[in-house]
Amino acid sequence: MLTPEEFNSLNEATKIQYSKLCEQKDRFIEPDRYSSASYFDWLFSKGTSFDCYVKKVNETNIDPLNDINKKVDVVRIIFYAFLKPIESQFFYWTLLLLIMYKFNTKRPVMKLILYHYTLRTIGDIIEKLGELTNNYYALDNNGNCINNTLYTEQNPLKWFLTRQINGFFWHIGEIVGDWYQLIRTKAVAKDGSLIKYVYLSCILYNLAKISIPISQLFLLPTKLYFPAGNYNEDYVNKYYNYYYALQLAVVITSLLYDVIVYIVLKKELFNKTISDYGFLKKFRLISEYRLVVSAVIGLIGLPIYMVVALIKIKTFDTKYRNINFSFENLRLVITNVQYMIIFIDQILLICSRNDSSNETTTESCTCTCTCTSCRNRHTDYGNYYESDVENKNGNGNQRSYPNMTFRNYNRKNSSEMNTPYNYYSDLNRNKLSNTQKSLSVENVNNINNYNNNHDYNYSDFRDFKDYRDYKNYKDW
């Protein structure tokens, strides 16, 4: 209770409100209620010192604009919370993929991306709404009033919402994103015996990551403060000693996962003739290479975070225990880059597929013009087909990679010889129409005999007016 001197020092507006403020006194866990307060009493408490709350209201009443600003802040926080889905760094990537896949959400990869985006966005919304609980009226170790919480753990409700509940949304969302490397590695790797190690490392990584929100359930809101009303910093620091040990386990299993994925994909890449490609071309054309780059980013960045976790654990029982060694933003940057590779990989796979479709269309030109520009479209496009598409011949493990050679358009054997130029059905008929008039029966027989024993290339034949010229060229 306020002393008579403290009460008399209050301004008139606060004195008028004092009786109404006393109605909220049961929401403060003061020493006389500490032992009887329940779990939910702590969650919905406004602090551990009613007197500090009255003093804060007194400061607010000095300037009427303070109360207005407080209400505006509440509206602003709620508004920004529901803007989080659009503010998310994954929103526009996800929207772009939805457009490219024509909003086909039944594809497994789109389900994975949508679950990853949705879960993490829910976490972001809860985190933003947690700012509504920034005020908690308590005492410091010297008995002075504290109104604004510097740490999440200083407000029981904020800790419950943004860590014990929100932690599961964030970490499960990350786990879903971590499955992408497993899915893609399984799709492109020919050596099935190594896939079991990818599965095992992924499971270990997921278990280590989900252990973090589970561990936060053991930091009870009912023990965040001493009976005297001051913050129980030792209790919280002791938890974080275990927390950093778990983070260390996450980093180690993440590195293990990245190493195994790297080994499997690197072995796969050794079987490809890509030594002449530059970095950008490899990154653009080859899905395995993009996954290798993602793994390398983790191998480079995560050890830094591992060192930080080791330092935190090592200094727990020393005078440096209160130093803030948190590098959580570094971990988020590293992992988010790996999640960005998911979107980049899918976009480039779609572009490669579209390039392949466009090339197939241009190879079967049916226009009636005799210009050579149409026919010169048969160039090397370096197609790369999406690696998870099974081979039509039944061998799902065979993949098509860029071929830097010109394609031969081989004539198909046929017994139907109605006209001399049926053998060149994929050539421009108009271009050969004049040649037909000058061909005798002997010429036709020569063509038939020669082509039954030889493959021809249209790109070569198109520049010759007569079969004899073409035959001389091929024989040479």
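Quick caveat: nothing in here was measured; it's all calculated off a predicted structure.

Chemist: Explain the side chain of T253 to me, and be specific about the residues and the numbers.
Modeler: Its place among the elements puts T253 in helix α11 (residues 233–270). The class for T253 is buried, based on a relative accessible area of 13%. At 3.0 Å, the side chain of T253 and the backbone oxygen of V250 are in polar contact. Setting aside anything within four residues of it in sequence, one finds T253 in contact with L204, Y205 and A208.

Chemist: Please set out the state of the cysteines residue by residue, giving values where relevant.
Modeler: Across all of its chains, the model carries one disulfide by this definition. Each sulfur of the disulfide joining C52 and C145 lies 2.1 Å from the other. Residues C52 and C145 are joined by a disulfide whose S-S torsion is about -80°; by sign, that bridge is left-handed. Pair noted here: C52 is in helix α4 (residues 50–62) and C145 is in strand β2 (residues 145–148), with a separation of 93 residues, a long-range link.

Chemist: Before we move on, could you go through the pattern of salt bridges and cite the residues and values that matter?
Modeler: As enumerated under the stated definition, the model contains eleven salt bridges in all. With a closest N to O distance of 3.6 Å, K84 and E87 form a salt bridge. With K84 and E87 both in helix α6 (residues 84–87), this residue pair falls three residues apart, about one helical turn. In this structure, a network of salt bridges that share partners links the residues E174, D178 and K209.

Chemist: Residue-level account of the packing of helix α9 (residues 156–188) against helix α10 (residues 195–216), with values.
Modeler: Across the interface, α9 lies against α10 with an axial gap of 8 Å and an inter-helix angle of 175°. Relative to α10, the element α9 lies roughly antiparallel.

Chemist: I'd like to hear about the confidence of the model for the protein chain, residue by residue, with values.
Modeler: Summary statistics for the protein chain give a mean pLDDT of 75 and a share of 69% for residues scoring 70 or more. The low-confidence segment residues 363–442, where pLDDT is below 50, has 119 contacts with residues more than four positions distant or belonging to other chains.

Chemist: Any chance you could break down the nonpolar core for me, citing the residues and the numbers?
Modeler: One finds L97, I113, V198, Y225, Y240 and Y257 to be the most contacted residues of the largest nonpolar core, which totals 52 residues. For this core, the elements supplying multiple residues, two or more each, are α7 (91–100), α8 (108–129), β1 (135–139), α9, α10, α11, α13 (287–314) and α14 (328–363). Looking at this core, the element that brings in the most residues is α11, giving twelve residues. In contact with V198, other than residues within four places in its own chain, are L182, T185, Y257, I260, V261 and V264. Counting residues in each nonpolar core, the second largest holds twelve residues, with L10, L21, F28 and Y137 among its members.

Chemist: Pulling in residues and values, what's your account of the packing of aromatic side chains?
Modeler: Throughout the structure, instances matching the rule amount to 22 aromatic pairs. Measuring from ring centre to ring centre gives 5.5 Å for Y243 and Y244, while their planes differ by 85°; the resulting arrangement is edge-to-face. Taken as a pair, Y243 and Y244 share a single burial class, namely buried. Linked through ring pairs, Y18, F28, F50, Y53 and Y137 together constitute an aromatic cluster.

Basis of the calculations
- Residues numbered from 1 in each chain as written.
- Predicted model: local features only at pLDDT ≥ 70, side-chain atom pairs only at ≥ 80, totals over all residues.
- Heavy atoms only, no water.
- Helix = DSSP H or I, 4+ residues; strand = E, 2+ residues; numbered from the N terminus.
- Buried < 20%, exposed > 50% of the residue type's maximum accessible area, 1.4 Å probe, protein only.
- Polar contact = N/O pair within 3.5 Å; in protein donor to acceptor, adjacent residues only side chain to side chain.
- Contact = heavy atoms within 4.5 Å.
- Disulfide = S-S within 2.5 Å.
- Salt bridge = Lys/Arg side-chain N within 4 Å of Asp/Glu carboxyl O.
- Axes fitted to C-alpha atoms, helices over the stretch in contact; angles between N-to-C directions.
- Parallel < 35°, antiparallel > 145°, perpendicular 65-115°, else oblique.
- pLDDT = per-residue confidence, 0-100.
- Core = buried A, V, L, I, M, F, W, Y, C linked by side-chain atoms within 4.5 Å.
- Phe/Tyr/Trp six-rings, centres within 6.5 Å; stacked < 30°, edge-to-face > 60°.

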